[in-house]
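Chain and residue survey
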Amino acid sequence: IETERNEFYLDEQIRNIVLLLEGKWSEKGISFEFDMDEARICENEELLHQVWLNIIDNAINFSYYGSGISISVKNEGACAEVSIKDSGPGMTEEESSRIFERFYQADQSRSGEGSGLGLSIVKRLVEMLGARIICISKPQKGTEFIVKLKNQTG
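Let me begin by describing the structure that accompanies this report. (Residues numbered from 1 in each chain as written. Predicted model: local features only at pLDDT ≥ 70, side-chain atom pairs only at ≥ 80, totals over all residues. Heavy atoms only, no water.)

Attention now goes to the overall build of the protein chain. Counting its regular elements, the protein chain contains five helices and seven strands. Mapped from its N terminus to its C terminus, the protein chain presents α and β elements in the order β-α-α-β-β-α-β-β-α-α-β-β. Expressed as a percentage of its 154 residues, the buried residues of the protein chain come to 43%. Carbon together with sulfur atoms contributes 47% to the accessible area of the protein chain, which is approximately 8300 Å² in total. (Helix = DSSP H or I, 4+ residues; strand = E, 2+ residues; numbered from the N terminus. Buried < 20%, exposed > 50% of the residue type's maximum accessible area, 1.4 Å probe, protein only. Areas by Shrake-Rupley, 256 points an atom, 1.4 Å probe, with all protein chains shown as cover.)

In structure tokens, the structure reads:
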């Protein structure tokens, strides 16, 4: 699938998505900590918007009331690396190894809240962009998603 690419600021795109979701995170008293380099990239802006929207929305959903979410954007040579980390319940190693499978939901108590397709779609979008995504999670320590993007313009 061909994807249309254009230049934009990745850090600005992520800030805009956090603002878009303000109603959800402010209702839960969640705070955000940002450590973002200015990162201008040439990529499919719409596909990345869907990636960040899904990951940040999940981070809000799984964060405890009054907790925090940290987001970093780092310029790493010819790549940009984005980290989104919540302070929610986290997952076991088995759960986090399956998190990108279609219809899989690690938290069965929330099975009525979604289809279990969101993160499998995110992984597919990331792969379409020639990027990588990993999930790091530990029970009671939260979950972190790291996306490594290519095609940074400088």
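Let's pick the thread back up.
Turning to the environment of Glu95, a few remarks are in order. With respect to the secondary-structure elements, Glu95 resides in helix H4 (residues 93–98). For the pair formed by Glu95 and Ser137, sequence separation is 42 residues and the distance between their alpha carbons is 9.0 Å. A polar atom in the side chain of Glu95 sits 2.9 Å from the backbone nitrogen of Thr92. (Polar contact = N/O pair within 3.5 Å; in protein donor to acceptor, adjacent residues only side chain to side chain.)

Next up on the list: unusual backbone geometry. A positive phi angle, close to 65°, is found at Gln140, a residue other than glycine. For Gln140, the position within the fold is in the loop between strand E6 (132–138) and strand E7 (142–149).

Moving on to the pairing of E7. Within E7, seven of the eight residues are buried, which leaves the element mostly enclosed by the surrounding structure. Bridge count between strand E5 (residues 79–85) and E7: six bridges; the pairing is antiparallel. Counted as the bridge partner of Ile84 is Phe145 from E7. One ladder, built from seven bridges, connects E6 with E7; its direction is antiparallel. What sits directly across from Arg132, in E7, is Lys148. Hairpin connection of E6 to E7: three residues between the antiparallel strands, including Gln140 at a positive phi of 65°. (Pairing = 2+ DSSP bridges.)

Within the largest apolar cluster, 40 residues are counted, with the highest numbers of intra-cluster contacts made by Leu10, Ile14, Phe32, Trp52, Ile56, Ile71 and Ile84. Of all the secondary structure elements, the ones that give two or more residues to this core are helix H1 (10–20), strand E2 (31–36), helix H3 (45–62), strand E4 (68–76), E5, helix H5 (118–128), E6 and E7. It is H3 that contributes the most residues to this core, eight residues altogether. Setting aside its immediate chain neighbours within four residues, Ile14 contacts Met36, Trp52, Ile56, Ile71, Val73 and Val82. (Core = buried A, V, L, I, M, F, W, Y, C linked by side-chain atoms within 4.5 Å. Contact = heavy atoms within 4.5 Å.)

What follows covers the packing of H3 against H5. Following both chains from N to C, one finds H3 and H5 inclined at 145°, their axes separated by 9 Å at the closest point. Crossing of H3 over H5 shows left-handed handedness. Contacts from Leu47, Gln50, Val51, Asn54, Ile55 and Asn58 in H3 reach Gly118, Leu119, Val122, Leu125, Val126 and Met128 in H5. Per-class residue counts for the contact of H3 with H5 are eight nonpolar, four polar and no charged. (Axes fitted to C-alpha atoms, helices over the stretch in contact; angles between N-to-C directions. Left-handed = near helix turned anticlockwise from the far one by under 90°. Nonpolar A, V, L, I, M, F, W, Y, C, P; charged D, E, K, R; others polar.)

Time to look at the packing of H1 against H3. Each pair of packed helices gets described by two things: the angle between the helix axes and the distance between those axes. At a minimum axis distance of 10 Å, the contact between H1 and H3 shows a crossing angle of 50°. Considering the angle they form, H1 stands oblique to H3. The two elements H1 and H3 meet at a crossing, and its hand is right-handed. Along its contact with H1, which presents Leu10, Gln13, Ile14, Ile17, Val18 and Leu20, the element H3 presents Glu45, Leu48, His49, Trp52, Leu53 and Ile56. Residue classes in the contact of H1 with H3 are distributed as nine nonpolar, two polar and one charged. (Parallel < 35°, antiparallel > 145°, perpendicular 65-115°, else oblique.)

What follows covers the environment of Leu21. Residue position: Leu21 is located in the loop between H1 and helix H2 (22–27). With a relative accessible area of 9%, Leu21 lands in the buried category. Considered as a pair, Leu21 and Asp57 are 36 residues apart in the sequence and their alpha carbons are 7.3 Å apart. Excluding its chain neighbours within four sequence positions, the residues that come into contact with Leu21 are Leu53, Ile56, Asp57 and Ile60.

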